[in-house]
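Below, each chain spelled out in residue letters.
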Amino acid sequence: GAVVSQHPSWVICKSGTSVKIECRSLDFQATTMFWYRQFPKQSLMLMATSNEGSKATYEQGVEKDKFLINHASLTLSTLTVTSAHPEDSSFYICSALRAPNQPQHFGDGTRLSIL
Amino acid sequence: GENVEQHPSTLSVQEGDSAVIKCTYSDSASNYFPWYKQELGKGPQLIIDIRSNVGEKKDQRIAVTLNKTAKHFSLHITETQPEDSAVYFCAAGGGADGLTFGKGTHLIIQP
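Keep in mind the model is a prediction, meaning the values are calculated, not measured. (Residues numbered from 1 in each chain as written. Chains lettered and ligands numbered in written order. Predicted model: local features only at pLDDT ≥ 70, side-chain atom pairs only at ≥ 80, totals over all residues. Heavy atoms only, no water.)

Participant: Explain the sheet that holds strand β1 (residues 4–7) of chain B to me, using residue names and the numbers behind them.
Facilitator: All names here are of chain B. Sheet architecture is open: 5 strands sit in the order β1-β3-β8-β7-β6, paired in antiparallel fashion. Because the sheet does not close on itself, it has two edges, and the strands there are β1 and β6 (56–59). When strand polarity is set aside, the average angle formed by the axes of neighbouring strands in this sheet is 15°. Where strand β7 (residues 62–67) meets strand β8 (residues 72–77), 6 bridges bridge the pair, whose relative direction is antiparallel. What sits directly across from V64, in β8, is L75. (Pairing = 2+ DSSP bridges. Helix = DSSP H or I, 4+ residues; strand = E, 2+ residues; numbered from the N terminus. Axes fitted to C-alpha atoms, helices over the stretch in contact; angles between N-to-C directions.)

In structure tokens form, the structure reads like this:
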């Protein structure tokens, strides 16, 4: 159990486009979902924490108007990169938490390339 | 906030030998310490975790030790195999918080 699915796995688009990434917990309800960003050969950096039905909490330095997070249900969170630019190109990974003090389970990530 | 240091950045060992990766953390409030394995182009996969009320945990060839006083924890892989080659990340956090990751260790198993 504890499968997390991300879609799409890879997207290429033009500068100025908005891109939506979905994160789903397939076999459990997630109290909390997290969004991370990973640049090539670097570590994962937490962007925001998302709880179902409430506004996301963003880490310092992450623009909330740039990275819109919606957590409409206990199994789905979405990250929308608005008006994307080449510097937004990165590997975006979500994770889901079944309950506090349970492990985080990660999706397989979305590789975003902005031309 | 939390800061996690991880060493070494690259580790090459002969197949069958043991590998040890070490991490330190700064926030004494952190009580959850997972280890993840990441293969190229994929998300991190949890391989083992430990909580602050335990000093050691073992799962077959993988073990983790935690020293809360010194604020460090280590991953031990014994009898390494080619499929163990990957990037390994340590992380630290609380029960329902986002994790702070180390910078990763590229483990290379030499045949």
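Here the narrative resumes.
Participant: Hey, could you go over the interface of chain B and chain A for me, with residue numbers and the actual values?
Facilitator: A common measure of how large an interface is: the accessible area buried when the components associate. Facing 19 residues of chain B, the contacting portion of chain A comprises 19 residues. Summing the contributions of chain B and of chain A, the shared interface buries around 1,400 Å²; its carbon and sulfur component is 54%. Remark: the boundary between chain B and chain A carries 6 residue pairs in polar contact (both at pLDDT 80 or more). Of all the elements in the fold, those that place two or more residues in the side of chain B that touches chain A are β4 (32–38) and β5 (45–51) of chain B. Per-class residue counts for the side of chain B that touches chain A are 8 nonpolar, 6 polar and 5 charged. (Contact = heavy atoms within 4.5 Å. Buried area = accessible area lost by both parts, 1.4 Å probe. Polar contact = N/O pair within 3.5 Å; in protein donor to acceptor, adjacent residues only side chain to side chain. Nonpolar A, V, L, I, M, F, W, Y, C, P; charged D, E, K, R; others polar.)

Participant: Help me get a handle on the sheet that holds strand β1 (residues 4–7) of chain A, residues and values and all.
Facilitator: Residues and elements named next belong to chain A. Across the sheet, which stays open at both edges, the 4 strands sit in the order β1-β3-β8-β7 with antiparallel pairing between neighbours. The sheet terminates laterally at β1 and β7 (67–73), the two strands that pair on one side only. Between one strand and the next, the sheet's axes are offset by a mean angle of 15°, whatever the strand orientation. As judged from the 4 bridges shared by β1 and strand β3 (residues 19–25), these two strands associate in the antiparallel manner.

Participant: Explain the pairing of β1 of chain B to me, using residue names and the numbers behind them.
Facilitator: Residues and elements named next belong to chain B. In β1, alternate side chains face the same way, and those of V4 and Q6 are buried while those of E5 and H7 on the opposite face are not. Bridge count between β1 and strand β3 (residues 19–25): 4 bridges; the pairing is antiparallel. Bridge pairing in β3 places Q6 opposite C23. (Buried < 20%, exposed > 50% of the residue type's maximum accessible area, 1.4 Å probe, protein only.)

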